[in-house]
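A closer look at the structure
Chain by chain, the residues:
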Amino acid sequence: MINIIKADIYRLLRTKTFYIAIAVMLFMIFLSIYNVEVGCIGLNMNGAAPFPEQQTETMHSELENMSLDEIADLSLSEYRRIMLNAENYELDKNIIAENINLYYIFIFIAVAVIASDLSSGCVKNTLSSSIGRNKYFFSKIIFSHICCVVILFANTFLSYFANRIFNSANISAELGLLLKITAMQIPAILALASILTGIAFIVKKTSIFNTIAIPFIMLAQLLLMGIVRISGVDNIMNYELQVIINRLAHDPTKEYIIKSYAVCAVIIIVTDIIGYICFKRSEIK
Amino acid sequence: MVLCTIIFGAVSAILLFLLIMQKIETKNISKQLNEIKAHDTNLLIHSKTGEKTSAALINEINELLLEIQKIRSDHQKKSHALEQMMTNISHDLRTPLTSALGYIRLIQNSDIPEEEKLLELEIIEKRLIRLEKLINSFFEFSMIISESKLPEISEINVIAVLEESVANYYDDYNSHNRQIIINCDRHKIMLRSNRNMLLRIFDNLLGNALKHGSGDLTVTVKMSENVQIGFSNLSNDKDIDTEQIFDEFYTTDISRTKGNTGLGLAIVKQFTEMLGGKVSAKFADGIFDLMIKLPAK
Amino acid sequence: MREIVMQTTGLTKRYRDLTALDHADMTVYKKDIYGLIGRNGAGKTTIMKVITGLTESSGGEFRLFGKSGSDADSEKKRIGCLIENPAFFGSMTAYQNLKYYALQKGITDEKQIDKALDLVDLTGVKNKKFRKFSLGMKQRLGIALAVMDNPDLVILDEPINGLDPIGISELRETFRKMSSERGVTFIISSHILSELYMVANRFLFIDKGKILKEITKEELDLECMRCHVVKTDDTKNAAVIIEKDLGITNYKVIDSGEIRIYDENIRPDEINKLLVRNNVNVSGIYETGISLEDYFKSLVGEERS
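Remember, predicted model here, so these are calculated numbers, not experimental data. (Residues numbered from 1 in each chain as written. Chains lettered and ligands numbered in written order. Predicted model: local features only at pLDDT ≥ 70, side-chain atom pairs only at ≥ 80, totals over all residues. Heavy atoms only, no water.)

1. Points about the interface of chain A and chain C
In this complex, chain A contributes 27 residues to the contact, which on the side of chain C involves 27 residues. Across the chain A/chain C interface, buried area totals approximately 2,400 Å², and carbon plus sulfur atoms make up 54% of it. On the chain A side of the interface with chain C, the three residues burying the most area are A:Tyr10, A:Lys124 and A:Ser128, jointly 24% of the side's total. Summed over the shared surface of chain A and chain C, the number is zero salt bridges. Secondary-structure elements contributing two or more residues to the side of chain A that touches chain C are helix 1 (2-12), helix 6 (102-120), helix 7 (123-127) and helix 8 (133-166) of chain A. Here the side of chain A that touches chain C takes seven residues from helix 1 of chain A, the largest share from any one element. Grouping the amino acids of the side of chain A that touches chain C by side-chain chemistry returns seven nonpolar, ten polar and ten charged. (Contact = heavy atoms within 4.5 Å. Buried area = accessible area lost by both parts, 1.4 Å probe. Salt bridge = Lys/Arg side-chain N within 4 Å of Asp/Glu carboxyl O. Helix = DSSP H or I, 4+ residues; strand = E, 2+ residues; numbered from the N terminus. Nonpolar A, V, L, I, M, F, W, Y, C, P; charged D, E, K, R; others polar.)

2. Topic: the environment of C:Asp255
Residues and elements named next belong to chain C. Note on placement: Asp255 falls in strand 12 (residues 251-255). What makes Asp255 partly exposed here is its relative accessible area of 40%. Along the sequence, Asp255 and Thr235 sit 20 residues apart, while their C-alpha atoms lie 8.2 Å from each other. (Buried < 20%, exposed > 50% of the residue type's maximum accessible area, 1.4 Å probe, protein only.)

3. Details of the pattern of salt bridges
One pass over the structure, following the stated rule, counts 32 salt bridges over all chains. For C:Glu214, the salt bridge identified is with C:Arg202, shortest N-O distance 3.5 Å. Of this pair, C:Glu214 sits in strand 10 (residues 210-216) while C:Arg202 sits in strand 9 (residues 202-207), and the two are twelve residues apart along the sequence. With a relative accessible area of 32%, C:Glu214 lands in the partly exposed category. Each of the salt bridges in this network shares a partner with another, and the network as a whole consists of A:Asp8, A:Arg11, A:Asp117 and A:Lys140.

4. Things to note about the packing of aromatic side chains
Enumeration over the complete set of coordinates arrives at 23 aromatic pairs over all chains. Look at A:Phe137 and A:Phe138: their rings are 5.6 Å apart centre to centre, the planes differ by 80 degrees, and that puts the pair in the edge-to-face class. Using a relative accessible area of 2% as the deciding quantity, one classes A:Phe137 as buried. Arranged with centres 5.2 Å apart and planes meeting at 65 degrees, the rings of A:Phe137 and A:Tyr276 form a pair that is edge-to-face. Of this pair, A:Phe137 sits in helix 8 while A:Tyr276 sits in helix 12 (residues 254-281), and the two are 139 residues apart along the sequence. Linked through ring pairs, A:Tyr136, A:Phe137, A:Phe138, A:Phe201, A:Tyr276 and A:Phe279 together constitute an aromatic cluster. We note C:Lys13 situated over the ring of C:Tyr15; from NZ or CZ to the ring centre the distance is 5.0 Å. (Phe/Tyr/Trp six-rings, centres within 6.5 Å; stacked < 30°, edge-to-face > 60°. Lys NZ or Arg CZ within 6 Å of the ring centre and 35° of its normal.)

5. Focus: the state of the cysteines
Overall, the coordinates contain zero disulfides over all chains when judged by the stated rule. C:Cys81 provides the cysteine sulfur closest to A:Cys122, a residue in no disulfide bond, and the two sulfurs are 13 Å apart. A relative accessible area of 0% places A:Cys122 in the buried class. (Disulfide = S-S within 2.5 Å.)

6. A word on the environment of A:Asn163
Along the chain, the position of A:Asn163 falls in helix 8. The exposure class of A:Asn163 is buried, given its relative accessible area of 0%.

7. Topic: a nonpolar patch on the surface
Side chains of B:Leu3, B:Ile7, B:Val11, B:Ile14, B:Leu15, B:Phe17 and B:Leu18 sit close together on the surface and give an oily, nonpolar patch of about 720 Å² of accessible area. Within the secondary structure, B:Ile7 sits in helix 1 (residues 2-38). (Patch = residues over 30% accessible without salt bridge, like charges linked within 9 Å, V, L, I, M, F, W, Y side chains within 5 Å. Areas by Shrake-Rupley, 256 points an atom, 1.4 Å probe, with all protein chains shown as cover.)

8. Some remarks on helix 4 (residues 111-119) of chain C
Residues and elements named next belong to chain C. Looking only at helix 4, the buried set comprises Gln112, Ile113, Ala116 and Leu117. Buried residues of helix 4, seen end-on, are gathered within an arc of 135 degrees and therefore sit on one face of the element. Relative to its buried face, helix 4 has exposed residues pointing more than 90 degrees away, namely Lys115 and Asp118. Taken together, the buried residues of helix 4 touch helix 3 (94-105) and helix 5 (135-147). (Arc of directions from axis to C-beta.)

9. Re the confidence of the model for chain B
Residues and elements named next belong to chain B. The share of residues in chain B with pLDDT of 70 or more is 88%, and the mean pLDDT across the chain is 80. No element of chain B has a lower mean pLDDT than helix 6 (residues 253-257), which averages 44, and none a higher one than helix 1, which averages 90. With pLDDT under 50 throughout, residues 253-259 is counted as low confidence; its partners more than four residues away or in other chains account for ten contacts. Confidence estimates for the predicted assembly give a pTM of 0.74 and an ipTM of 0.85. (pLDDT = per-residue confidence, 0-100.)

10. A few points about the sheet that holds strand 2 (residues 180-183) of chain B
All names here are of chain B. Ordered by their spatial adjacency, five strands build an open sheet running 2-4-5-7-6, and the pairing between neighbours is mixed. Among the strands making up the open sheet, the edge pair consists of strand 2 and strand 6 (278-284). The mean inter-strand angle of the sheet, taken between neighbouring strand axes irrespective of direction, is 15 degrees. Here eight bridges tie strand 4 (residues 213-223) to strand 5 (residues 226-235), and the two strands are oriented antiparallel to one another. Directly across from Thr220, in strand 5, lies its bridge partner Gly230. Relative to the sheet, helix 4 (residues 158-175) contacts strand 2, strand 4 and strand 5, its axis offset from that of strand 2 by approximately 160 degrees. Contacts from helix 5 (residues 195-212) reach strand 2, strand 4, strand 5 and strand 7 (287-295), with the element oriented near 150 degrees to strand 4. (Pairing = 2+ DSSP bridges. Axes fitted to C-alpha atoms, helices over the stretch in contact; angles between N-to-C directions.)

11. Remarks on the interface of chain C and chain B
In this assembly, 21 residues from chain C lie in contact with 19 residues from chain B. At the boundary of chain C with chain B, total buried surface from both sides reaches about 1,500 Å², with 39% on carbon and sulfur atoms. For the pair chain C and chain B, the interface holds two salt bridges. C:Lys77 is the salt-bridge partner of B:Glu35, the closest N and O atoms lying 3.2 Å from each other. Summed over the shared surface of chain C and chain B, the number is eleven residue pairs in polar contact (both at pLDDT 80 or more). Of all the secondary structure elements, the ones that give two or more residues to the side of chain C that touches chain B are helix 4 and helix 6 (165-182) of chain C. Sorting elements by how many residues they give to the side of chain C that touches chain B places helix 4 of chain C first, with three residues. The residue makeup of the side of chain C that touches chain B, split by class, is three nonpolar, four polar and 14 charged. (Polar contact = N/O pair within 3.5 Å; in protein donor to acceptor, adjacent residues only side chain to side chain.)

12. Side note on the nonpolar core
Core analysis: the biggest nonpolar cluster contains 97 residues, and A:Leu192, A:Phe209 and C:Ile187 have the highest contact counts within it. Residues contacting A:Phe209, with those up to four places away along its chain left out, are A:Ile107, A:Ala110, A:Val111, A:Leu196, A:Ile199, A:Ala200 and A:Val203. (Core = buried A, V, L, I, M, F, W, Y, C linked by side-chain atoms within 4.5 Å.)

13. Examining unusual backbone geometry
All names here are of chain C. Here the phi dihedral of His23 falls at roughly 50 degrees; this positive angle occurs in a residue that is not glycine. Examined against the element boundaries, His23 turns out to sit in strand 2 (residues 19-29). Positive phi values are uncommon outside glycine, yet Glu84 reaches one of about 55 degrees. Overall, Glu84 belongs to the partly exposed group, its relative accessible area being 34%.

In structure tokens form, the structure reads like this:
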């Protein structure tokens, strides 16, 4: 297993995909830092999920005294000046609260590590020699997950330092807190990674993988919202992945942590099992 | 305080990890060596973790394994070739013997005139002489292999021995319209050597050139820090492997049909080396060159 | 007895609408260079895929180095193979591609990679990216990967695809050397009979998933040898007459219309007279030695009829 992981590190460093992924991550951080605002890839969930248990502290800034038209007329440098002086606003914490954004980086990883191997037929070189399907499957899964966790922490560190350097310490949280939040987010991140690796092992072709994986998050969210509307059970939205990642950044209750971790565990187990079954039975072209 | 504990914990974890890796690797190497011993295989040892010092160890083991594989395959080739040679030799020995017996029976059984009987007795003699030669060379060679014979060294005139050998073969060459040309500017070169072995070396080389070469044989003697004697002649062989010709089992296709055992040049090499010298061969543009170097006084 | 390296018994592979392999039996001994001959789609690649585990068989069994079933998995590390098109990563060079697989297998000595590249004559382009390779070079890299790890059994699927004549003959020599000097066994498939004939010592003819014949080179030579062909529709009686009255034993009845006599000293007119006198109709007597292609065609023809 270690051999396969070592070989994959060797290969990863020599493919474009990996460097593109890092570039995208840096770009996303740059955008957030520069605009002093966090974008997100999924649907805007802030209204959808009810927050009965906790109080979130609200931000205070000059924006409160301006009308919407005036805010829209602000130039970027003006906006930055205002935001840098805001109170109760921690940019880096908000950035990592929207770590669902890392989903697109993870797609690159899944493609580089798994999909390209299966798609190009190179997997037959591995499987026809001493490495069995089980070992191959687990090594790839473990390696992708490790990569995703490394990216998760890299994202946190980079956001923190970039924020402190280019913006001001005023709108920055403590590194210790950020790391704690990041560590808490690990199961959710692993769930994301599992979904992607599962899809990769099921479809095996890079083109199909991209077609499914890219809109997947949004489609899943839409589906969940539809279910909520039909069944009327609002609580389900609390356990959607984007919401989980967000809430873990905002001082969640112990009960919530346990429940959300359970959801993540289920996702990880189910996707891995499905991926494994599909891979084990498949014909290698 | 907490920081210290964390650092200490991290360092111990890393060390433990490395230790476990090392153990896994060592166990893995033992297991693989076990399997390799059990099968006749070309497999080499693989590393399970890629750890550096184990990798160096694995490389050393693999080099040894490769050597063992090579020795095994060489051994198989040699024993196959030995079988082959045994068959050839027994065939070679049997042929003149059978022929001689046949002629004897002929003389015994039929009524033939005296002159014919004499002729046939001559033929029988020739066959038996050939048989004797073959048995001699085989016996000689087996003695060399067992290395029980040490050459007696005395002061020898190399040129005289060379001339004696040339004289032995003069008639044979002449009858094929071929000549032996000796290029030498001295009449005497004294060496500490063994007369019989030198004679055998030259005999074999001249005989070899007679059998396998064509045209004239040129023998060149040069004296520098050692004595160099070169034997050069044309050759019709398509392909001479100048490394393998000194191999006791090597015969090209053509020589097999001429009834050679391949021992001639092998004896040349062995004897030359026993006398402290070196032998080498070159084959280019249809010319076969063989060089003997003997240490001078 | 020679060691059996690979053996299949009743091996079958069925896809939804097609039987790719139908109860295949074959035996490969150590040091064999075993040739699989068949048309495109005959089942050669399927056999290779099954024994290397890329595909599950639908029935029957195969033994690798004497072990079958899940035990055979541990023997897979003694195999090197190139099946179908050589697959490598386009953005990496030849050397990097091989190094990737070397790392996966746990090969610790980098020199093995260089040796493999040297064996297939790719040392000059080892730093060229794979996507810039010609077909022949890609093929060679595939072969390099197959032999890199010192295997005992090398399985090659149409290895000479895209190679030039010099490359083909060099490869032939390499295979022969590996087989004789290091005891490596080869299973090579091709649809070019003449090429395979020059390198293999045993052959398996396969068509539409069925094994037509398993035969050694000596036997194949005999079958294709120069002979006299007697064309008659009464082969039974003709055979009896030939044996009894002419004392010829070295003959073969090919099918219901042909007898081949391998004896050297045949007088066609004698045979003709003899047979006709015994009321056996002879429609033709001629001398022939068949080509390998014709032999193959005749095998395929026999199956169909």
